[in-house]
Amino acid sequence: MEPLPGADPAQTRESATTSSPRPRGTIAGTIALLLVAVISFLPTNFVVESPGPVVNTLGELDGHQLLSIKDAKTFETESQLDMTTVYVQGGGQHRVTVPVILEALVNPTKDVVQEETVLPRGVTSDELSQQNDSLMASSQELSVAAALNELQIPFTTTLQVVGFGDPLNQGAA
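Residues numbered from 1 in each chain as written. Predicted model: local features only at pLDDT ≥ 70, side-chain atom pairs only at ≥ 80, totals over all residues. Heavy atoms only, no water.

A. Main features of the sheet that holds strand 5 (residues 111-114). Read across the open sheet, the 3 strands follow the order 4-1-5; overall the sheet is antiparallel. Edge strands, defined here as strands with exactly one partner in the open sheet, are strand 4 (82-89) and strand 5. In this sheet, neighbouring strand axes are inclined to one another by 40 degrees on average, regardless of whether the strands run parallel or antiparallel. Note that strand 1 (residues 46-56) and strand 5 share 4 bridges and pair antiparallel. Following the sheet pairing, Val 48 is matched in strand 5 by Val 112. The sheet strands contacting helix 3 (residues 98-106) are strand 1, strand 4 and strand 5, and the helix crosses strand 1 at an angle near 60 degrees. (Pairing = 2+ DSSP bridges. Helix = DSSP H or I, 4+ residues; strand = E, 2+ residues; numbered from the N terminus. Axes fitted to C-alpha atoms, helices over the stretch in contact; angles between N-to-C directions. Contact = heavy atoms within 4.5 Å.)

B. Spatial organisation of the pattern of salt bridges. Summed over the entire model, instances satisfying the criterion amount to 2 salt bridges. Glu 115 is the salt-bridge partner of Arg 95, the closest N and O atoms lying 2.7 Å from each other. Pair noted here: Arg 95 is in the loop between strand 4 and helix 3 and Glu 115 is in the loop between strand 5 and helix 4 (125-150), with a separation of 20 residues, a long-range link. One salt bridge in this structure joins Glu 103 and Lys 110, with 3.1 Å as the shortest N-O distance. In this structure Glu 103 comes out as partly exposed when scored by relative accessible area, which is 35%. (Salt bridge = Lys/Arg side-chain N within 4 Å of Asp/Glu carboxyl O. Buried < 20%, exposed > 50% of the residue type's maximum accessible area, 1.4 Å probe, protein only.)

C. Region of interest: the side chain of Glu 115. Judged by relative accessible area, which is 8%, Glu 115 ranks as buried. With residues up to four places along the chain from it excluded, the contact list for Glu 115 reads Asn 45, Phe 46, Val 47, Gly 91, Gly 92 and Arg 95.

Right, here's the structure in full:
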């Protein structure tokens, strides 16, 4: 390498030796930064719980009366009977990433919990949703029965087996 005209040859040699090899700190920093970037997008085994919508159970949702009693006289009311819900982000096939968990940890309206406390192993999100729908329907039926019982209005009940909780129980029916 020839020095530029008018340049000091000693400075030219010094700048050539210091600028060509990369410092090891820069390479290590780049690798560390890449590792942090990759880790931040990996899915976790946690879910984030936060407040969900509040629903007036005495009203309508999507044009449908939430609570109704077949062949029973009903009355309009100005009252509200609110049902609070919890929104769960993540779990199953929809796992949350590290940045979502970190945001939830500093947000006082959110909780981070292990996925297994919300979605047991071997149960898909769709199966859990079906179980929750069944539990909600059962809860509504029990509420109606309790109200009719309190008002001393006669009603009939039926018992049906709609499924089995464990495949080992299928032979027991």
